[in-house]
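Fold and geometry: a report
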Amino acid sequence: MPRLLTGNRLETGDVLWWTGRDWSPLIRDAVAIGDEGDALIASLVAAERINDPALIDVTGTPGNWLPTTTRERVRASGPSVRADLARGSLSTDVI
Amino acid sequence: MYRYDQYDQAIVDARVAEFKDQVARRLRGEITEDQFKPLRLMNGLYLQLHAYMLRVAIPYGTLSGTQMRMLAHIARKYDRDYGHFTTRQNIQYNWIKLEQFADLLDDLSKVEMHAFQTSGNCIRNISSDQFAGAAADEVADPRPYAELLRQWSTLHPEFSFLPRKFKIAVIASDTDRAAIQLHDIGLQLRRNDAGELGFRVYVGGGMGRTPVIGSVVRDWIPVGQFLSYSEAILRVYNRHGRRDNIYKARIKILVNELGVEEFTAQVEAEWAELAPLGLDAPQAEYDRIIAQFAPPAFDLAAPDTLDLSDPDFAVWVKQNVHAHKAPGYAIATISLKPKRGIPGDASSAQMDAVADLAEKYAHDEIRVTHSQNLVLAHVKKADLYALWQGLDAVGLATPNLDLVSDIIACPGMDYCTLANARSIPIAQKIAAKFEDLETQRDIGELKIKVSGCINGCGHHHAGHIGILGVDKKGEEAYQLLLGGSGAEDTTLAKILGPGFDEDGIVVAVEKLIGFYRGARSGPQERFLDTYRRLGPAPFKEAVYG
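Because the structure is predicted, anything quoted here is derived from the model rather than measured.

Helix and strand counts for chain B come out as 17 helices and 20 strands. Once the C-alpha set of chain B is aligned to its principal axes, its extents read approximately 60 × 60 × 55 Å. By the burial criterion, 54% of the 545 residues in chain B qualify as buried. Taking the intrachain contacts of chain B between residues at least 6 apart in sequence as the baseline, contacts between residues at least 24 apart amount to 67%.

Our focus in this paragraph is the sheet that holds strand β2 (residues 15–18) of chain A. Residues and elements named next belong to chain A. Here five strands make up an open sheet; going across it, the order is β3-β2-β1-β4-β5 and the pairing antiparallel. Sheet topology places β3 (23–24) and β5 (64–67) at the edges, where each strand pairs with a single neighbour. Examined bridge by bridge, strand β1 (residues 3–9) and β2 share three bridges and lie antiparallel to one another. Its bridge partner lying in β2, G7 is registered against L16. Seen against the sheet, helix α1 (residues 37–47) touches β1, β2 and β4 (50–61) and runs at an angle of roughly 155° to β4.

As a general point, the strands of a sheet are linked pairwise by backbone hydrogen bonds and lie either parallel or antiparallel. All names here are of chain B. The strand order β6-β7-β8-β9-β10 describes an open sheet built from five strands, whose pairing is mixed. The outermost strands of the open sheet, each flanked by one partner alone, are β6 (127–128) and β10 (215–222). Sheet analysis places strand β8 (residues 185–191) next to strand β9 (residues 197–203), joined by seven bridges and oriented antiparallel. Bridged to R190 within β9 is G198. Across the sheet, helix α5 (residues 143–153) is in contact with β6, β7 (168–171) and β8; its angle to β7 comes to roughly 155°.

Here we come to the interface of chain B and chain A. At the junction of the two partners, chain B supplies 25 residues and chain A supplies 21 residues. Where the side of chain B that touches chain A is concerned, the elements lending two or more residues are α13 (424–433) and β19 (475–482) of chain B. Here the side of chain B that touches chain A takes three residues from α13(B), the largest share from any one element. Class assignment of the residues belonging to the side of chain B that touches chain A gives a composition of 12 nonpolar, five polar and eight charged.

Residue and element names in this part refer to chain B. Residue E112 is not a glycine yet carries a positive backbone phi of 60°. Relative to the assigned elements, E112 resides in the loop between α4 (101–109) and β6. Unlike most non-glycine residues, Q117 shows phi in positive territory, near 60°. Positionally, Q117 belongs in the loop between α4 and β6.

In terms of nonpolar packing, the biggest core is built from 184 residues, with B:V170, B:A332 and B:V354 touching the most fellow members. Setting aside chain neighbours within four positions, we find B:V354 in contact with B:M68, B:I334, B:I366 and B:L374.

A word on the packing of helix α11 (residues 348–361) of chain B against helix α12 (residues 384–393) of chain B. Residues and elements named next belong to chain B. Axis separation between α11 and α12 bottoms out at 10 Å; the angle between their running directions is 170°. Looking at the two axes, α11 sits roughly antiparallel to α12. Contacts from A353, L357 and Y361 of α11 reach α12 at A386, L387, G390 and L391. Of the residues contributing to the contact of α11 with α12, the split by class is six nonpolar, one polar and no charged.

Conventions adopted
- Residues numbered from 1 in each chain as written.
- Chains lettered and ligands numbered in written order.
- Predicted model: local features only at pLDDT ≥ 70, side-chain atom pairs only at ≥ 80, totals over all residues.
- Helix = DSSP H or I, 4+ residues; strand = E, 2+ residues; numbered from the N terminus.
- Buried ≥ 20, exposed ≤ 12 C-beta atoms within 10 Å, placed from the backbone.
- Contact = placed C-beta atoms within 7 Å.
- Pairing = 2+ DSSP bridges.
- Axes fitted to C-alpha atoms, helices over the stretch in contact; angles between N-to-C directions.
- Nonpolar A, V, L, I, M, F, W, Y, C, P; charged D, E, K, R; others polar.
- Core = buried A, V, L, I, M, F, W, Y, C linked by C-beta atoms within 7 Å.
- Parallel < 35°, antiparallel > 145°, perpendicular 65-115°, else oblique.

Here it is in structure tokens:
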């Protein structure tokens, strides 16, 4: 099962996904992480600019990821009860 | 209302300056997140699913129009134009940015507000009766004593690193509107035959993972000594409360493990040492604080009649307005549970409107209730119609207090990192099933409370119908509990049977209510009373049979 790297930006708390080179607020920009995941997290922890870095399981394909748990789907889309605050790359309908 | 003196303001200013420096050091990378996290939590700042969440303290749920207007300003400038009033009579903002936090704290402190001790293992915001100072059945206004507790507990050096968080509630009537028996300490102010004031003291109540009804450890402590007695309780807890297991760290576990008699004996022994030391506030300080809660100058000529010719207004009065101790006045509750709304949420425009209306019609006082509603406690009956029109204009005149759609719901997994399931959509779906007001009024008083996890911020154990969100292999599921009450007849709700998915729990609640309407002895018998009379078996049969 593919895994994505996610975390929250220190300055804003924004939910972010690792794109392979940088961070994006949109899950569709994320790349699947291979064996380098734990090393990536270790480097992020050391740099201290991304809080709570974690690898999450997803289904789908690049550009069309869907987290497997409800919790991560909520993180990716925004609160299910405030569609007006949805992040844009994932509809709250998928929750 | 209490106003800060120079000491209160100096404490807040110093703490704000300290935390602003800590935030700046974190942003510069000079301290790690592991070092910063306990500091931000002690200042009410969490990192939730989508962003930082800030919980602002509203002592005993009382605030002025100016303070409410500042809360609206915070929502507009630093958040996404809304806030969420909580079951601890506080307000939370869901989209706070750390890089703007210093300015936010400065703004809050301008109106004598802050966010510290709204998280962490310390004495949290003191809660109280939302009808304090207005209820006919109280022996005195409980808020001066809540304010004394606030001052005593603020940055108390001995109690800033307790085994676990600690919650205190204070009331002054036999009717419990603050769930005192479900607090770490519950204090009921009473008057004896000699006319003296004193407290009945409950200890060891709580909800969460291990729900317990508090025990009376002292039936009477003179009002002048309740601070030192509270100190003795905290000392025993701080000394013996478990720190090896977070799930067994609350005082309720200690009381259970020691037994009430032994726990009480230890408190009494500690108090015998403390009482002579002069820890209690001098009478002059009591007098100073009590004077600040003096009732407003009521208009003795205010008419005691009400024109109910507008049927919509009449319904709102019947459901959301309570009797006041002063003739010609009333207590108005503003429901934050509108149709298709989110329980406890208010927009900045709504907060501004409430501030305006409070200043115009309610002696500039607003209360937040533990049921996530607002109260204007001192309204002339002659002004109620204009108040209702003002509320209606901003969507705040829903006449559903204590009815099936007046549901407590924690933020749940829509916002909270601790949650296992969403709470708000469940509350919305249940409310939608009973949207018709006549149906709601026919069902009568019914308190539904929804928590998204075992921590129980939605008070599910105190619900006539309680709903608890749980995790089932990464998906949401919901347990159904019945028979709870947070009132003076406190009981703990019990699980009825196997859990449900999101749609199933709504259907189950419909079945429960359908059964109740057929089984009640008459229209005056509440859902809770029918449950207590019949027991769980027929309700279980109605849901699972």
